[in-house]
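Examination of the molecular architecture
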Amino acid sequence: MATFLYKLGRFAFRRRHFVALFWVALLTLVGVGAASAPAAGPTTFSIPGTEAQKTFDLLEERFPGASADGATARVVFRAPDGEKMTDAGHRATVEETVKELGNGSEVSSVTDPYVTKSLSQDGTIAYAQVSYDVSGMELEDSSKDALESAAGDARDAGLTVEIGGDALSAVPHTGTAEIIGIAIAAVVLVITLGSLVAAGLPLLTAIVGVGIGVGSITALASTLELDSTTPILASMIGLAVGIDYALFIVSRYRAELAEGRDREQAAGRAVGTAGSAVVFAGLTVVIALVGLAVVNIPLLTKMGLAAAGTVVVAVLVALTLIPALLGYAGRRIRPAGAKGAKGTKGGARADEAGEQAETAPAAQAAKPNMGTRWARFVIRRPVVVLLLAVVGLGVAAVPATQLELGLPDDGAQPTSTTQRRAYDLLSEGFGPGLNGPLMVVVDTERSDDPEGAVTTVSDEIKGLEDVAAVNPATFNEAGDTAMITVIPGSKPSSVATEDLVHAIRDTGADIRTDTDAEVLVTGSTAMNIDVSEKLNDALLPYLALVVGLAFLLLILVFRSILVPLKAALGFLLSVLAALGAVVAIFQWGWLSGLMGVEQTGPVMSMMPIFMVGVVFGLAMDYEVFLVTRMREAYVHGESPTEAVETGFKYGARVVTAAAVIMMAVFAGFIGSSEQMVKMIGFGLAVAVLFDAFVVRMAIVPAVLTLLGKSAWWLPKWLDRALPNVDVEGEKLQQHLADDEGRGGDGPGGHGRRELVDA
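Computed from a predicted structure; not experimentally measured. (Residues numbered from 1 in each chain as written. Predicted model: local features only at pLDDT ≥ 70, side-chain atom pairs only at ≥ 80, totals over all residues. Heavy atoms only, no water.)

**A closer look at the overall build of the protein**
- Broken down by element type, the protein carries 25 helices and 11 strands.
- Taking all contacts inside the protein whose residues are at least 6 apart in sequence as the whole, residues at least 24 apart take part in 79%.
- Total accessible area on the protein is roughly 31,000 Å²; 58% of this is exposed by carbon and sulfur atoms. (Helix = DSSP H or I, 4+ residues; strand = E, 2+ residues; numbered from the N terminus. Contact = heavy atoms within 4.5 Å. Areas by Shrake-Rupley, 256 points an atom, 1.4 Å probe, with all protein chains shown as cover.)

**Let's talk about the sheet that holds strand β4 (residues 160-165)**
- An order of β2-β3-β1-β4 is seen for the four strands of this open sheet, with the pairing classed as antiparallel. For this open sheet the edge positions go to β2 (107-110) and β4, each flanked by a neighbour on one side alone. Each adjacent strand pair in this sheet contributes to an overall mean axis angle of 20°, direction not counted.
- Strand direction decides the pairing type here: strand β1 (residues 72-78) and β4, joined by six bridges, are antiparallel. Note on β4: the bridge partner recorded for Arg78 is Thr160. (Pairing = 2+ DSSP bridges. Axes fitted to C-alpha atoms, helices over the stretch in contact; angles between N-to-C directions.)

**Some words on the nonpolar core**
- Within the largest apolar cluster, 171 residues are counted, with the highest numbers of intra-cluster contacts made by Tyr245 and Phe571.
- In terms of residues, this core owes the most to one element, helix α22 (residues 675-707), which gives 20 residues.
- In this structure, Tyr245 is in contact with Val278, Ala281, Gly282, Val285, Val311, Ala314, Val315, Ala318, Asp621 and Phe625, ignoring residues within four places of it in sequence.
- Ranked by size, the runner-up nonpolar core spans 26 residues in total, among them Phe77, Val98, Val107 and Ala151. (Core = buried A, V, L, I, M, F, W, Y, C linked by side-chain atoms within 4.5 Å. Buried < 20%, exposed > 50% of the residue type's maximum accessible area, 1.4 Å probe, protein only.)

**Some thoughts on helix α16 (residues 495-515)**
- The end-to-end C-alpha distance of α16, which contains 21 residues, comes to 30 Å, matching closely the 30 Å that a straight helix rising 1.5 Å per residue would cover.
- The first or second residue beyond α16 is Asp516, which carries a positive phi of 65°. (Expected span 1.5 Å × (residues − 1).)

**So, the pattern of salt bridges**
- A complete count under the given rule lists 21 salt bridges for this structure.
- Here Glu428 ties to Arg78 by a salt bridge, and the two come within 2.8 Å at their closest N and O atoms. On the criterion of sequence distance, the pair formed by Glu428 in helix α14 (residues 418-430) and Arg78 in strand β1 is long-range, its members being 350 residues apart.
- Residue classification places Arg78 among the partly exposed residues on the basis of a relative accessible area of 25%.
- Linking Glu518 and Arg512 is a salt bridge whose minimum nitrogen-to-oxygen distance equals 3.8 Å.
- Judged by its relative accessible area of 15%, Glu518 is buried.
- One salt-bridge network, held together by shared partners, links Glu61, Arg62, Asp443, Glu445 and Asp480. (Salt bridge = Lys/Arg side-chain N within 4 Å of Asp/Glu carboxyl O.)

**Here's the deal with helix α20 (residues 607-635)**
- Over its 29 residues, α20 extends 40 Å from the first C-alpha to the last, a length consistent with the 42 Å expected when each residue adds 1.5 Å.
- The principal kink in α20, of about 25°, is found at Val627.
- Counting buried residues in α20 gives 27 out of 29 residues, a clear majority hidden from the surface. (Bend = angle between axes of the 7 residues up to and from the residue.)

**Things to note about the environment of Pro323**
- When you line up the elements, Pro323 lands in helix α10 (residues 298-329).
- Residues Pro323 and Arg15 lie 308 residues apart in sequence; the distance between their C-alpha atoms is 9.7 Å.
- If we ignore the near neighbours within four places in the chain, the residues touching Pro323 are Gly9, Ala12, Phe13, Ala267, Val271 and Ala318.

**A word on the packing of aromatic side chains**
- If you walk through the whole model with that rule in mind, you get six aromatic pairs.
- Seen from their ring centres, Trp374 and Phe377 are 5.4 Å apart, and the 25° between their planes marks the pair as stacked. Here Phe377 and Trp374 lie together in helix α12 (residues 370-380), a separation of three residues that amounts to about one turn.
- Using a relative accessible area of 32% as the deciding quantity, one classes Trp374 as partly exposed.
- The class for Phe377 is partly exposed, based on a relative accessible area of 30%.
- Where Tyr634 meets Trp712, the ring centres are 5.7 Å apart and the plane angle is 25°; that geometry is what we call stacked. Of this pair, Tyr634 sits in helix α20 while Trp712 sits in the loop between α22 and α23 (716-721), placing them 78 residues apart in sequence.
- Accessibility expressed as a relative area gives 23% for Tyr634, which makes it partly exposed.
- Sitting above the plane of the Tyr328 ring, Arg16 keeps its charged end 6.0 Å from the centroid.
- The side chain of Arg629 reaches across the aromatic face of Tyr650, ending 4.1 Å from its centre. (Phe/Tyr/Trp six-rings, centres within 6.5 Å; stacked < 30°, edge-to-face > 60°. Lys NZ or Arg CZ within 6 Å of the ring centre and 35° of its normal.)

**Some words on the confidence of the model for the protein**
- Chain-level statistics for the protein give a pLDDT mean of 82 and a share of 87% at 70 or above.
- Per-element mean pLDDT across the protein ranges from 39 in helix α25 (residues 750-754) up to 95 in helix α13 (residues 382-397).
- Low confidence marks residues 340-365, where pLDDT is under 50. Its contacts with residues over four positions away, or in another chain, come to 30 contacts.
- Segment residues 745-758: pLDDT under 50, and 28 contacts once partners within four positions in sequence are set aside and those in other chains are kept. (pLDDT = per-residue confidence, 0-100.)

**Some words on the pairing of strand β6 (residues 438-443)**
- With five of six residues buried, β6 lies mostly within the body of the structure.
- Note: β6 against strand β9 (residues 481-488), six bridges, orientation antiparallel. When the sheet's bridge partners are listed, Asp443 is paired in β9 with Thr481.
- One ladder, built from five bridges, connects β6 with strand β10 (residues 518-522); its direction is antiparallel. Note that in β10 the partner of Val441 across the bridge is Leu520.

**A closer look at a negative patch on the surface**
- Together, Asp459, Glu460, Asp506, Asp510 and Asp514 make up a region of like negative charge exposed at the surface.
- Of all the secondary structure elements, the ones that give two or more residues to the negative patch are α15 (450-462) and α16.
- Considering every element that reaches the negative patch, the biggest residue donor is α16, with three residues.
- For Asp506, a relative accessible area of 53% puts it in the exposed group. (Patch = residues over 30% accessible without salt bridge, like charges linked within 9 Å, V, L, I, M, F, W, Y side chains within 5 Å. Lys, Arg positive; Asp, Glu negative; His and termini not counted. Charge placed at Lys NZ, Arg CZ, Asp CG, Glu CD.)

**Quick notes on the environment of Ala702**
- Among the secondary structure elements, Ala702 is positioned in helix α22.
- Here the alpha-carbon distance between Ala702 and Phe377, two residues 325 residues apart in the chain, equals 9.8 Å.
- Not counting chain neighbours up to four residues away, the residues in contact with Ala702 comprise Val378, Pro382 and Leu386.

And the structure:
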């Protein structure tokens, strides 16, 4: 592996014009494809195997033309203080608005609140429901404009009017904080790499990689029915790993220059060593993202595959475009440890400083760097550091024991939106349950008395707890299926509403025995509950698959049993602590104002499994980058504690910078208008904080110090069975030694001649 990547790095350095042209051409081609691709159509949100999905499919069959998946809008009216909606003037305004709403070409029906008795008990609030033939994402802008125009006319007449429902669905935006995150990443890169040119390379290559990945997603969005959130999450992950992977290779390149090697040799060695870590780190991320397919939720599978594809592009860009750009940069990137010098005419002084660093490795500062000092501190007190780190993460994880899962409704929207204000008005006038009605479907095809069976179902539901209202049943034309709308007494995302759904289903099982009628529950609220349960059930199998595959991969990389085991256990600690932080802020409301969380509630049901997948991949990034350097030192003759110190000497600064960059990129997405993106951005940022600075920087050196040589133990039979991927570069060293013996590509050979081009 290392030898192949070494040759690839040298090839990219020498043939930089060809490599750069290839990536520019690919980026241009993808950009043209994205620009000319048809706009993404509606996304089909299906949850195979759930009762809510089964019921939805039954409605499509038994109520043809009813547009069960069509968009809805609830236009909520409120009378001025001291007045009522029953006043003649307000009634005339509402009736005129209802008439105006019914004129749209995509409108299937509009309810009149005075006919359907949709008036609050005090008479101050009323609502009309607009149903459309198409879904919210398919709805034409003209229909949305007509909806808002009708509401505006009613406002002009003196009423307070707000619009809820999914008819005004919009593509989420991430806000300006994403740009701030990239700016922070740029500052960290300048500090870490010592120059604007060196700092610009990781940013440039990450942008190229994300541009190709997200451009491909955009170009294929219509064909693959990708969700609008997919490119945002792909860019989030692709940007973070793209910067980090490039940073590790550029840092190793500068370290190789400081060892006195020419630039082509340094580029080849950087790709051969740090590049090997990049490949295996990228593989762990890809495994974690592709593994989301086991959940069997098409939306989540597509998100995982799209993000995984972007990570693959980031790895390929780091391995090829970075060494090519290093060739273009030439002496503008100085060796590690070379002090900045103000350039004279032609940059002679800077070149002189670079040459001195290249030819005099011993000139590096004798004072140990921060990474070395920290490693020595941990080596002296491993037990204390380990206990403090584990207890600290354990305390942070405590809130995760109260984790409640659900999917957001309009109640999670900012109060500045009309959807949220409509939600609040409906809750005030009719109770919170009206925002999430349950649709109970009674299949009476096998029943001898369909009407009697439906009456029994309605009576039984009325007797259940937390039922605010049960509307009269509506039969289809064939008379073999009925729909009953049930209004819960609690808000859609509450535990009480979830209990009610289960109670109706339990009651339906008894009714089926007596009447042969099947009782099913669907609707957006029931669908959300089923999604949460499906994700809960899939979490353990997903963990077993992803952690198991990555464990085998890490055994291959580190040729050890205990090091991968430690890596997996450390990951579990960091992800539990991160979930605890998410619960504290988004569910309990701690610091919610600072995070822009205006409505607390259950944690997004997709959050735990998505966080597990992404954080595991990213955690293994740091593990691979940090510990491979230790493994390399150990294989080359250092003692276990010396290897820990060496790993931190060369890796701590870069891993710290990479973590800060990744946190900045993820934190930038906290400014998103989409609750899911906001929560994932925060969760990933805090997970990186815990994993990089507590697990990898404290627990890893403490455990490796305590284990000593046992850390690198591998049964002999397994050692013989496993292929040697040579991540530590032992075979590469032999290859280079042979080349130098033949006078080939060693210093002073062909590589030195190529340096003239730089």
